[in-house]
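# Secondary and tertiary structure notes
Listed below, chain by chain, are the residues.
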Amino acid sequence: MAKFYATTPIYYVNDVPHVGHAYATITTDAVSRWHRLLGDDVHFLTGTDEHGLKIQRAAEEAGIEPIEHATKTSARFQQTWELLNISNDDFIRTTEDRHRQAVQKLLQKAYDNGYIYEATFEGPYCVPCEAYYTDDDLVEGNCPIHKRPVEHMVEDNYFFKLSAFEDQLTEWLEGDDPSISPTGYRNEALGIVKGGLRDLSITRTSIDWGVPVPWDTDHVFYVWYDALINYATAIGYHDDPDRFDEWWPATHHFLGKDILRFHGVYWPAMLLAAGITQLPQLHVSGFLLVGGEKMSKTGLNKIEPSELVEDFGVEGFRYAMLRNHSFGPDSDFSYEGIVERYNTDLANNFGNLVSRVATVVSKKCDGIGPAPTPDATLASQAEVAYREASKAWDGVQPSVALEATWRLIRETNEYLQETEPWKMDPGPEVDAVLGNALEVLRIVSILATPAIPTAAAEAWRRIGLSGTPADQRLPEAAAWGGYPGGLAVETGDPLFPRFKPSA
Ligand code: MSP
């Protein structure tokens, strides 16, 4: 069985979950669910990044211990992912013992292999980024990302010999494997490597909120070098090497473009330094923007996922996130965009198709769903939808996959509009039309499962099928003709009631 190990970035606990975080997690969730439909053995990891100066200061401001602060905010992330029906198999916190041990083991290896050395470091530091910059990086003396003043820091540090990996990283990035997608981000990482790599300061003595350096306990590892290792921790790097070896080659990291440098340059080099030569695949998204600005804690535009769930339900929100934003480029987020998408695709198209078909089956076929016909035009339209959706999910393009799926729904609504089964007399003609529509509903329920698993399962149940669409296996289950006919079809409340913004 193929393996698929999917990871989200681990979220800083100085911030509460916002829509930007939800976007990253929902995308990873949907792609993981797609791989489960393919029958892959999936392991889906998310978690929280809890060390570093940023967290230490946030705790000080709140007048509590860092661990207390981390535990509280980490719980908010876990609750949000539960609310959004995220199907993660594990949730890692970097303050866990399993993680401390893995960090120490991996970096000790890099040290033993001669890739870590001690020296004094001095330079501008941005606390929100948790990163040192050079004077050249700064924009009018400010952090290039946060546009806020930096602090001058002087520290005795251990350094990681990043410069030793230029050739290996270039080879990896230029290789045949799509190591980083979309390609623009791979070129960006390549540009960073080709621009020349300087060694990195990877430890701190100025703070103690971190993982101690095993060979010199006055130091803790700088938060990024601790954080990246979470991906290895969770699959047994420290305590179950066989498990690690099984999963590691199937690693897919999902991340935002702001952390490409860490995942596409530093992390692969750390792995190589520790003797891990198989490097992960990266899937990089742009930012969700509100009024042209990245949605974030410091922006005034922060929106909590729970507020949108109140208006659109979990699945309305999930669907709109996946469908409205093409994975890769920056994308404008708007409330009106969700309303429009929800009403058009979920209320008017999917929801309407489910109710319409069930109502006509109840009137014309005594509530018993007929079987589809083999030569229906819809059969070839369904085949195209499957082919396109499958290619798009494999290529991490949820918006394209859902567009292909919803095209099939629209085509089926048009088919009903043209054939008007509600005007037909009971008999073989109406049976054929409704059987075909039911077969589309069966296929669509499977294809929509990564985005809207609960509504898809409900549609599946209403047309009389047993089990759930999530239990089906692709590609076989998408083949035309799977709806057996003779099943009791249920009418019910609208799956997605039309949303009317309150005045
Ligand atoms: N803790 C680090 C990641 C360590 S991974 C080993 C971090 N955390 S974060 O909470 O600041 O961001 C986590 C992810 O959320 C990043 O991939 C970031 O790009 C993403 N997003 C945060 N705001 C976002 C938007 N407005 N839009 C899309 N994604 C955004 O970085």
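Only a predicted model underlies this, so the values are computations on that prediction, with no experimental measurement involved.

## As for the layout of surface pockets
Roughly 160 Å³ of volume is contained in the second largest pocket. The wall of the second largest pocket is formed by Trp-172, Asp-177, Ser-179, Pro-249, Thr-277, Gln-278, Leu-279, Pro-280 and Gln-281. Partitioning the lining of the second largest pocket into residue classes produces 4 nonpolar, 4 polar and 1 charged.

## Looking at the site of the ligand
In the neighbourhood of the ligand, 23 residues make up the surrounding shell, with Ile-10, Asp-49, Gly-256, Asp-258 and Leu-288 lying closest. The contact in question runs from a nitrogen atom of the ligand to an N or O atom on the backbone of Ile-10, over 2.8 Å. Between His-21 and the ligand, the recorded distance is 3.4 Å, taken from a side-chain N or O atom to an oxygen atom. Computed on the free molecule, the ligand has an accessible area of 660 Å², of which 95% lies beneath the protein chains in the complex.

## Quick word on the packing of aromatic side chains
Overall, the coordinates contain 30 aromatic pairs when judged by the stated rule. Ring centres of Tyr-111 and Trp-215 lie 3.8 Å apart, and the angle between their planes is 5 degrees; this geometry places the pair in the stacked category. Taken together, the residues span a long stretch of sequence, with Tyr-111 in helix α4 (residues 97-112) and Trp-215 in the loop between β10 (203-204) and β11 (220-221) at a distance of 104 residues. Given the relative accessible area of 29%, Tyr-111 is considered partly exposed. Relative to Trp-267, the ring of Trp-248 has its centre 6.1 Å away and its plane inclined at 90 degrees; by these criteria the two rings are edge-to-face. On the criterion of sequence distance, the pair formed by Trp-248 in the loop between α9 (241-247) and β12 (251-256) and Trp-267 in helix α10 (residues 260-273) is long-range, its members being 19 residues apart. Residue classification places Trp-267 among the buried residues on the basis of a relative accessible area of 0%. A network of ring pairs unites the aromatic residues Phe-312, Tyr-319, Tyr-335, Tyr-342, Phe-350, Trp-406, Phe-496 and Phe-499 as a single cluster.

## Observations concerning the sheet that holds strand β14 (residues 288-290)
The mixed open sheet is built from 3 strands, whose spatial order is β15-β14-β16. With partners counted over all chains shown, the strands left at the sheet margins are β15 (293-294) and β16 (331-332), one partner each. The pairing of β14 with β16 spans 2 bridges and is parallel. In the sheet register, Leu-288 faces β16, and the bridge partner there is Ser-331.

Conventions we followed
Residues numbered from 1 in each chain as written. Predicted model: local features only at pLDDT ≥ 70, side-chain atom pairs only at ≥ 80, totals over all residues. Heavy atoms only, no water. 1 Å grid on protein atoms, 1.4 Å probe; cavity = no way out; pocket = protein on both sides within 12 Å on 5 of 7 lines; lining within 4 Å. Points joined across faces, edges and corners; volume = space filled by probe spheres on them. Nonpolar A, V, L, I, M, F, W, Y, C, P; charged D, E, K, R; others polar. Near = heavy atom within 4 Å. Polar contact = N/O pair within 3.5 Å; in protein donor to acceptor, adjacent residues only side chain to side chain. Areas by Shrake-Rupley, 256 points an atom, 1.4 Å probe, with all protein chains shown as cover. Phe/Tyr/Trp six-rings, centres within 6.5 Å; stacked < 30°, edge-to-face > 60°. Helix = DSSP H or I, 4+ residues; strand = E, 2+ residues; numbered from the N terminus. Buried < 20%, exposed > 50% of the residue type's maximum accessible area, 1.4 Å probe, protein only. Pairing = 2+ DSSP bridges.

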